[in-house]
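Structural characterization, general
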Amino acid sequence: MFHKRDEHAVEGWDAEDHPTSVVSGRTNDEVAAHPDHLWRSGVPAAEAEVDTHPPVPEVAAPSDDELAALDELGTAGTWEVFGRRLKVTNLDKELFAGRDGGPPVTKRELLRYAARIAPVALPYLAGRALNMHRFPQGAGTAGFWHKQLPDHAPAWVPRWDRPDVDPGESTTYLVVDEPAALVWAANFGALEWHAWTSRTSAPDLPTYALVDLDPGPATAWEDLVLLAGLHRDAFEHVGVRAYPKLTGRRGIQVWVPITVGPSFDETRAWVERLSRTVGKVVPDLVSWRWEVRERGGQARLDYTQNAVNKTLVAPYSPRAAAGAPVSAPITWDELDDPDLRSDTFTVRTVLDRLAERGDPFRGVLAADQHLPPLT
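Okay, so let's go over this structure. (Residues numbered from 1 in each chain as written. Predicted model: local features only at pLDDT ≥ 70, side-chain atom pairs only at ≥ 80, totals over all residues. Heavy atoms only, no water.)

1. Some remarks on the packing of helix α2 (residues 64-72) against helix α3 (residues 107-125)
- Axis separation between α2 and α3 bottoms out at 10 Å; the angle between their running directions is 165 degrees. Compared by their axis directions, α2 and α3 come out roughly antiparallel. Where α2 crosses over α3, the two elements pack in a sense that is right-handed. Along the contact surface, α2 presents Leu67, Leu70 and Asp71, while α3 presents Arg108, Leu111, Arg112 and Arg116.
- Split by residue class, the contact of α2 with α3 holds three nonpolar, no polar and four charged. (Axes fitted to C-alpha atoms, helices over the stretch in contact; angles between N-to-C directions. Helix = DSSP H or I, 4+ residues; strand = E, 2+ residues; numbered from the N terminus. Parallel < 35°, antiparallel > 145°, perpendicular 65-115°, else oblique. Left-handed = near helix turned anticlockwise from the far one by under 90°. Contact = heavy atoms within 4.5 Å. Nonpolar A, V, L, I, M, F, W, Y, C, P; charged D, E, K, R; others polar.)

Here it is as structure tokens:
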């Protein structure tokens, strides 16, 4: 775009003599050389570059010797795993009540699970602030949210200092950039792991669009499956890849990978429009009321999780309930399984499932989609 010559024109000034962008601090050739990067405005040039396809960490599973060392510890001690030395405590404490006649799940078993699942879960957690849902006294007690990384955390634990926080807000967050950090969080009493849906490199830009199918007291499992299936059909209709995940409690979530660029306001509006269209098909099953007591027992198609610092439970995170159920990704076809429930898979069964079937959620890591206009 060229501006006509006016009183502000400088004699002899040539745009070709100034190839560097005032936004990114780089030339067009430099920007073109990094097609997987986003260049943001409104920030200093040194902070304008955002890698939209960061490398996925690849981590080997803990060795048999490392797992045996955990089993050999007493109720507390130092466990060396993933090259880190962790002080672990209360290993025989029962954190989850048993289910279906099975024994309780102890803290030792939780730490073993955290170590074994870390190589699978790490790509969904790395580069993201983690909100920890802590239950130090076990899943049967009142838990609480813990966002601020405590001062006593080991120096090696990865972290993120959030810029521009308001008074009273958390300033430093745990970031699970290495597998031992997940084990540390579990030992700290974090029974549930809730990572941000944006990266620390661009906290105001989401990497997913999210649908949270939140059942009400009157919502039968079959009704929830119907709502999920209608969303599947809607996504197929608009040509968007979407991936379902059991919450590990009663609900189902759908994650839609997107390329970094749209704001949370834009993704929230897009999901709301799609879900409201779905809701019109089965209006007797859905309420748009915010308060649970005002929904008449109906399900809520919650699009409001598309917001900064809002989280959905991470893939393969345990949930604070009897049997230690896991928020397990599934395929769309599995919704037809009559035995499937939201809490079907647990810390004792999901690893065998992964060994047999692989991880059906890996597609959300390909952040290469643009949300099409909805007409």
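2. Concerning the pairing of strand β10 (residues 172-175)
- Residues Thr172 and Leu174 of β10 are buried on one face, and the alternating residues Tyr173 and Val175, pointing to the opposite face, are buried as well.
- Of the strand pairs in this sheet, strand β9 (residues 159-161) and β10 are connected by three bridges, and their pairing is antiparallel. Each bridged residue has a counterpart across the sheet, and for Arg159 the counterpart in β10 is Leu174. (Buried < 20%, exposed > 50% of the residue type's maximum accessible area, 1.4 Å probe, protein only. Pairing = 2+ DSSP bridges.)

3. A short note on unusual backbone geometry
- In the Ramachandran plot, Phe82 falls in the positive-phi region, its phi being about 55 degrees despite a non-glycine side chain.
- Here Phe82 lies in the loop between β3 (77-81) and β4 (84-88).

4. As for the nonpolar core
- Trp79, Tyr113, Ile117, Leu174, Trp184, Phe235 and Tyr316 are the most contacted members of the largest nonpolar core, which has 97 residues in total.
- With sequence-adjacent residues up to four places away left out, Phe235 is seen in contact with Val211, Val240, Ala242, Val254, Val256, Trp270 and Leu274.
- Ranked by size, the runner-up nonpolar core spans five residues in total, among them Ala129, Trp160, Tyr173 and Trp196. (Core = buried A, V, L, I, M, F, W, Y, C linked by side-chain atoms within 4.5 Å.)

5. Section: the pattern of salt bridges
- All told, the structure shown has 17 salt bridges when counted by the stated rule.
- When the shortest N-O distance is used, the salt bridge between Arg353 and Glu334 registers 2.8 Å. You can see Arg353 sitting in helix α7 (residues 350-357) and its partner Glu334 sitting in the loop between β15 (300-302) and α7, a full 19 residues away along the chain.
- Among the ionic contacts, a cluster of salt bridges with common partners joins Arg99, Asp100 and Asp343. (Salt bridge = Lys/Arg side-chain N within 4 Å of Asp/Glu carboxyl O.)

6. Overview of the side chain of Ser170
- Locating Ser170 in the fold gives a position in the loop between β9 and β10.
- Taking relative accessible area as the criterion, Ser170 reaches 16% and is therefore assigned buried.

7. What to know about α3
- Here α3 is 19 residues long, yet its end C-alpha atoms lie only 21 Å apart, well below the 27 Å a rise of 1.5 Å per residue gives.
- The largest bend along α3 reaches roughly 65 degrees and is located at Ala118, with the proline Pro119 sitting one to four residues downstream.
- Among the 19 residues in α3, 16 count as buried, and that is most of the element. (Expected span 1.5 Å × (residues − 1). Bend = angle between axes of the 7 residues up to and from the residue.)

8. A word on the packing of aromatic side chains
- One pass over the structure, following the stated rule, counts ten aromatic pairs.
- A centroid spacing of 5.8 Å and a plane angle of 40 degrees characterise the contact between Trp160 and Tyr173, whose relative ring orientation is tilted. Of the two residues, Trp160 sits in strand β9 while Tyr173 sits in strand β10, which places them 13 residues apart along the sequence.
- Assessed through its relative accessible area of 10%, Trp160 is described here as buried.
- Here Tyr173 falls in the buried class, since its relative accessible area comes to 1%.
- A centroid spacing of 6.3 Å and a plane angle of 20 degrees characterise the contact between Phe235 and Trp270, whose relative ring orientation is stacked. Within this pair, whereas Phe235 is found in helix α5 (residues 221-238), its partner Trp270 is found in helix α6 (residues 264-281), the two being separated by 35 residues in sequence. Trp270 shares its class with Phe235; the two are buried.
- Sitting over the ring of Phe345, Arg353 keeps its end group 4.4 Å from the ring centre. (Phe/Tyr/Trp six-rings, centres within 6.5 Å; stacked < 30°, edge-to-face > 60°. Lys NZ or Arg CZ within 6 Å of the ring centre and 35° of its normal.)

9. Points about the sheet that holds strand β14 (residues 252-257)
- If you trace the four strands from one edge of the open sheet to the other, you get β13-β14-β12-β15, paired in antiparallel fashion. The open sheet has two free edges, formed respectively by β13 (243-246) and β15, since each of these has just one partner strand. Going from strand to strand, the sheet's axes swing by 20 degrees on average, the running direction of each strand aside.
- Note: strand β12 (residues 208-214) against β15, three bridges, orientation antiparallel. In the sheet register, Leu213 faces β15, and the bridge partner there is Leu301.
- Against the sheet, α5 touches β12, β13, β14 and β15, its axis set at about 155 degrees to β12.
- Along the sheet face, α6 touches β12 and β15 and points at about 40 degrees away from the line of β12.

10. Structural notes on helix α4 (residues 179-187)
- With respect to burial, α4 is a largely interior element, nine of its nine residues being buried.
- All of the buried residues along α4 are Pro179, Ala180, Ala181, Leu182, Val183, Trp184, Ala185, Ala186 and Asn187.
- Buried residues along α4 sit in contact with β3, β4, α3, β7 (129-134), β10 and β11 (190-195).
- Trailing α4 by a residue or two, Gly189 shows a phi angle of about 95 degrees, which is positive.

So yeah, pure geometry; function would need other evidence.
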